[in-house]
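# Structural features, examined
These are the residues of each chain, in order.
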Amino acid sequence: PGWNEYSVGYHGDDGNIYYGDGSSGMPYGETFGSGDTVGCGISLIREKISVQGGPAVYSTRVRGAIFFTKNGRVMGRPARSQDE
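Description of the structure in this document. Since this is a predicted model, take the numbers as computed values, not measurements. (Residues numbered from 1 in each chain as written. Predicted model: local features only at pLDDT ≥ 70, side-chain atom pairs only at ≥ 80, totals over all residues. Heavy atoms only, no water.)

## Observations concerning the sheet that holds strand 2 (residues 16–19)
To keep it simple, the criterion reads: Any two strands with at least two DSSP bridges between them are considered paired. Where helices and strands are cited, they refer to DSSP runs of H or I of at least four residues and of E of at least two residues respectively, numbered from the N terminus.
With respect to topology, three strands assemble into an open sheet ordered 1-2-3, the strand pairing being antiparallel. Each edge of the open sheet is held by one strand with a lone partner, namely strand 1 (8–10) and strand 3 (26–27). Here strand 1 pairs with strand 2 via three bridges, running antiparallel. In the sheet register, glycine 9 faces strand 2, and the bridge partner there is tyrosine 18.

Structure representation (C-alpha cells):
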C-alpha cells in the first residue's frame, strides 16, 4: 500500500501517494471510495547507455513510471523510478 519498502500506493482517503513510507504521503489525485474504479499501470522505457571502456560499449537500462487512474482518468503525475 505504499507503506512497505519498494511499494507505491495511492490512497482513497486522502488522495495522497506513498512511496515505501507510511508517514510521508504526497498530494497526488482526487480521493476515491465505493463506486469508483481505480486502476494502476506502468510505463517502461528501455534506454541505451554508454558503459565505461569506450564509446562502442553499450548496455541497456529500463526506467519506469507508475500511474493510477480513477474512473478511467489518469490521476496526478506518474511516479518515476527512484533514480530519476
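## Re the environment of valine 74
Using the following cut-off: Only protein chains enter the accessibility calculation, which uses a 1.4 Å probe; a residue whose area is less than 20% of its type maximum is buried, one above 50% is exposed, and one in between is partly exposed. It only takes one pair of heavy atoms within 4.5 Å for two residues to be counted as in contact.
For valine 74, the location among the structural elements is in strand 6 (residues 73–80). A residue is classified by how much of its surface remains accessible, and valine 74, at 52% relative accessible area, is exposed. Residues valine 74 and valine 38, 36 residues apart in the sequence, show an inter-C-alpha distance of 9.6 Å. Those residues in contact with valine 74 that lie beyond four places of it in its chain are Phe67, Phe68 and Thr69.

## Describing unusual backbone geometry
Phi at tyrosine 6 takes a positive value of approximately 65°, unusual for a residue other than glycine. Secondary-structure assignment places tyrosine 6 in the segment before strand 1. Take tyrosine 6: its relative accessible area is 79%, and that puts it in the exposed class. In this structure, asparagine 71 takes a positive phi of about 50° despite not being glycine.

## Here we look at the packing of aromatic side chains
Quick reminder of the rule: Here is the rule: rings of Phe, Tyr and Trp (six-membered ring for Trp) pair when centre to centre is within 6.5 Å. Planes less than 30 degrees apart are stacked, more than 60 are edge-to-face, and the remainder are tilted.
Scanning the entire structure with this criterion turns up four aromatic pairs. Where tyrosine 10 meets phenylalanine 68, the ring centres are 5.5 Å apart and the plane angle is 50°; that geometry is what we call tilted. On the criterion of sequence distance, the pair formed by tyrosine 10 in strand 1 and phenylalanine 68 in strand 5 (residues 58–70) is long-range, its members being 58 residues apart. Joined through ring pairs, the aromatic side chains of Tyr10, Tyr28, Phe32 and Phe68 make up one cluster.

## Quick notes on the pattern of salt bridges
Where we set the bar: Put simply, a salt bridge is a Lys or Arg side-chain nitrogen that is within 4 Å of an Asp or Glu carboxyl oxygen.
What the rule picks out here adds up to four salt bridges. Between arginine 61 and glutamate 47 there is a salt bridge; the shortest N-O distance is 3.2 Å. Here the residue arginine 61 occupies a position in strand 5, and glutamate 47 occupies one in strand 4 (residues 38–50), the gap between them amounting to 14 residues. For arginine 61, a relative accessible area of 31% puts it in the partly exposed group. A residue is classified by how much of its surface remains accessible, and glutamate 47, at 27% relative accessible area, is partly exposed. One salt bridge in this structure joins arginine 63 and glutamate 47, with 2.9 Å as the shortest N-O distance. Of this pair, arginine 63 sits in strand 5 while glutamate 47 sits in strand 4, and the two are 16 residues apart along the sequence. One salt-bridge network, in which partners are shared between bridges, spans Glu30, Lys70 and Arg73.

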